[in-house]
Amino acid sequence: MSSLASLTPLLAIETSCDDTACAILDAQGHILGESVLSQESHAALGGVVPEIAARAHLDILPEIVDLTLKRAGLTLDEIALFAATIGPGLIGGLIVGSSYAKGLAMAQNKPFMGINHIEGHILVPRLPNVLAEDIPSLNFPYLALLVSGGHCQCVSVEETGHYRLLGGTIDDAAGEAFDKVAKMLGLGWPGGPALEKLAREGNDMAFSLPRPLKGRDGCNFSFSGLKTAVARLIAPYGNGALPRQIAADIAASFQRAVADVMEDRAEHALLLAPTSTALVVAGGVAANHVLRERLKKVAQRHDIPFLAPPLRLCTDNAVMIGWAALERLAQGEYPDDSALAPRPRWPLAERQPYRPLPMENAQ
Ligand code: KG4
Ligand code: ZN
């Protein structure tokens, strides 16, 4: 039977959006090497252009893999397993990253494992030594709130491979809403960090904005009404004529509305998953300080810890893909995904139960 030790060190690749990333992990989840390159060419275009992203992944991936091997002090033939994100995400990037990893696996005669990007985000807080020292380990079940530019969902993480989707967005993702509102305010892309900065100069009670779905049962999200309300506030001002103080007040009021909604949705999620041992936030929007403070309060009210991995592991990275592969291996999954095709849409709940190790079926 293949042991975890014989399947490590493993090399993981992430290319599902606009970050080209590679990481090498050992059997315990220690990071031996990691590299991420965030493609900057999209900023001038105001958002990720899928075709440009795919080509950029193709250009940069060989260098990123070499650099990561160098950082780990390893050569390709010392890698025991290759893993890559095969969904959900932009199809071009998924094809590039997974084909590259499959090619390396084939050339080295090693197995390939295809990983779900969301699974990576929600499992990575369990990586050893990433959380605060007073929280030695994160145990199941826990509540994961994933808020990024492409995703906004609330998942009860019950065990590796067993995820209960409690709710998700019915229109825009949280980060997408930040980006679109930032654009209306004349800020650059990605807009979240710039909007948070501007909001510090503003009065968050200046404008009354809607709180979509606040108070409703369940844990779905909606941001499009909020975005439209902001557009209406801005409309009377001509192009480029929005006074800075008004822009700051709008940014602060918008951020407060999003935080109110998030706090309420997290409360409802904990009603649906009352045995959660922790509240975990992941994704780029987790960088937002106002949001973090609100979620921390929710966790305190429920007497559970609030956890956010360091930002480099919150945003897209390959460490989370390698860690999800390790968690699946530890559960006895045999890595033989060379025939799996990339899936731009891939619900977390699919591909269960595990395919058992070949030896487990032997008589
Ligand atoms: O996880 P991520 O790096 O990439 C994916 O979307 O997968 O998340 C990027 C998103 C962008 O929409 C960005 O505007 C948002 O996270 N973001 C923030 C902040 N920092 C990044 N949103 C609000 N406040 C922030 N400080
Ligand atoms: Zn992501």
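These remarks concern the structure in this document. (Residues numbered from 1 in each chain as written. Chains lettered and ligands numbered in written order. Predicted model: local features only at pLDDT ≥ 70, side-chain atom pairs only at ≥ 80, totals over all residues. Heavy atoms only, no water.)

**Here's the deal with the overall build of the protein**
The secondary structure content of the protein amounts to eleven helices and ten strands. The C-alpha radius of gyration of the protein comes to 21 Å, within 12% of the 21 Å expected for a compact globule of 363 residues. Dimensions of the protein, computed from C-alpha atoms along their principal axes, come out at roughly 70 × 45 × 35 Å. Of all 363 residues assigned to the protein, the portion counted as buried reaches 52%. Summed over all atoms, the accessible surface of the protein reaches about 15700 Å², with 54% contributed by carbon and sulfur. Positive and negative charge centroids in the protein, built from 30 and 39 side chains respectively, lie 6 Å apart. (Helix = DSSP H or I, 4+ residues; strand = E, 2+ residues; numbered from the N terminus. Rg over C-alpha atoms; globule rule 2.2 N^0.38 Å. Buried < 20%, exposed > 50% of the residue type's maximum accessible area, 1.4 Å probe, protein only. Areas by Shrake-Rupley, 256 points an atom, 1.4 Å probe, with all protein chains shown as cover. Lys, Arg positive; Asp, Glu negative; His and termini not counted. Charge placed at Lys NZ, Arg CZ, Asp CG, Glu CD.)

**Considerations on the pairing of strand β1 (residues 10–14)**
The element β1 is extensively covered by neighbouring structure, given that five of its five residues are classed as buried. The side-chain alternation of β1 yields two buried faces, one formed by L10, A12 and E14 and the other by L11 and I13. Sheet topology places β1 next to strand β2 (residues 19–25); five bridges connect them, and they run antiparallel. Looking across to β2, one finds that L11 is bridged to I24. (Pairing = 2+ DSSP bridges.)

**Notes on the packing of aromatic side chains**
Tallying each qualifying case throughout the model produces three aromatic pairs. Geometrically, the ring pair formed by F140 and Y142 is stacked, given 5.9 Å between the ring centres and 10° between the ring planes. (Phe/Tyr/Trp six-rings, centres within 6.5 Å; stacked < 30°, edge-to-face > 60°.)

**Side note on unusual backbone geometry**
Cis geometry marks the peptide bond from T8 to P9, where omega comes out at 5°. Note on placement: P9 falls in the segment before β1. Of note in this structure, L213 is not a glycine but carries a positive phi near 70°. Looking at the secondary structure, you find L213 in the loop between α5 (191–199) and α6 (224–234).

**Re the site of ligand 1**
Taken together, 18 residues surround ligand 1, and among them G149, D179, G192, E196 and G284 come closest. Residue E196 places a side-chain N or O atom 2.7 Å away from a nitrogen atom belonging to ligand 1. Relative to its unbound accessible surface of 550 Å², ligand 1 loses 88% to contact with the protein. Sorting the residues of the shell around ligand 1 by element identifies α4 (174–184) and α5 as the ones contributing at least two each. Tallying contributions element by element places α5 first for the shell around ligand 1, with four residues. Here the residues of the shell around ligand 1 are counted per class, giving five nonpolar, ten polar and three charged. (Near = heavy atom within 4 Å. Polar contact = N/O pair within 3.5 Å; in protein donor to acceptor, adjacent residues only side chain to side chain. Nonpolar A, V, L, I, M, F, W, Y, C, P; charged D, E, K, R; others polar.)

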